[in-house]
Amino acid sequence: QVQLVESGGGLVQAGGSLRLSCVGSGGSFSTWHMGWFRQAPGKHREFVAAIRWSGGSTYYADSVKGRFTISRDNDENTVFLQMDSLKPEDTAVYYCAAARMIGVVTDSSRYDYWGQGTQVTVSS
């Protein structure tokens, strides 16, 4: 079955960088649209970034635009989230998700598969 496994989370100081990775298996990764979401304690899960199956289109939440970059390597079945200029408010569990067909990329209900999440903590 389909599995998504995130890695790369950790503790970083404000202004620092982290690179998250998500490896997919058990399905046709190169045909999936991929997204990153995050959930902070006591808050709803929120959209962070998404990338179409071909990598030709990317989308970002306003809160991360200009600081985060989503990319993918279909040969390696991997999607990345490069996070720069991190802020304490970026602290959350970050999840990658895959959608076989998608309309609104920011809508978490559109995604079919989810990873287990990786913790990102940004200290001030």
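I will try to describe carefully the structure that is included in this document. (Residues numbered from 1 in each chain as written. Predicted model: local features only at pLDDT ≥ 70, side-chain atom pairs only at ≥ 80, totals over all residues. Heavy atoms only, no water.)

A look at the sheet that holds strand β8 (residues 78–83)
If you walk across this open sheet you meet the 4 strands as β1-β3-β8-β7, and the pairing is antiparallel. The outermost strands of the open sheet, each flanked by one partner alone, are β1 (3–7) and β7 (68–73). In this sheet, neighbouring strand axes are inclined to one another by 15° on average, regardless of whether the strands run parallel or antiparallel. Bridge count between β1 and strand β3 (residues 18–25): 5 bridges; the pairing is antiparallel. Among the inter-strand pairings, Leu4 is bridged to a residue of β3, identified as Gly24. (Pairing = 2+ DSSP bridges. Helix = DSSP H or I, 4+ residues; strand = E, 2+ residues; numbered from the N terminus. Axes fitted to C-alpha atoms, helices over the stretch in contact; angles between N-to-C directions.)

Some details on the nonpolar core
Counting residues in hydrophobic clusters, the biggest one holds 35 residues, and the most contacted among them are Met34, Trp36, Leu81, Met83 and Tyr94. Of all the secondary-structure elements, those providing two or more residues to this core are β3, β4 (33–39), β5 (46–51), β7, β8, β9 (92–99) and β11 (118–123). A per-element tally of this core places β9 first, with 6 residues. With near-sequence residues (within four places) excluded, Leu81 lies in contact with Leu18, Arg19, Leu20, Trp36, Val48, Ala49, Phe68, Thr69, Ile70 and Tyr94. (Core = buried A, V, L, I, M, F, W, Y, C linked by side-chain atoms within 4.5 Å. Buried < 20%, exposed > 50% of the residue type's maximum accessible area, 1.4 Å probe, protein only. Contact = heavy atoms within 4.5 Å.)

Regarding the environment of Met83
Structurally, Met83 can be placed in strand β8. Met83 sits in the buried class, given a relative accessible area of 0%. The sequence separation of Met83 and Gly9 amounts to 74 residues, and the corresponding C-alpha distance is 10 Å. With sequence-adjacent residues up to four places away left out, Met83 is seen in contact with Gly16, Ser17, Leu18, Leu20, Arg67, Phe68, Tyr94 and Val120.

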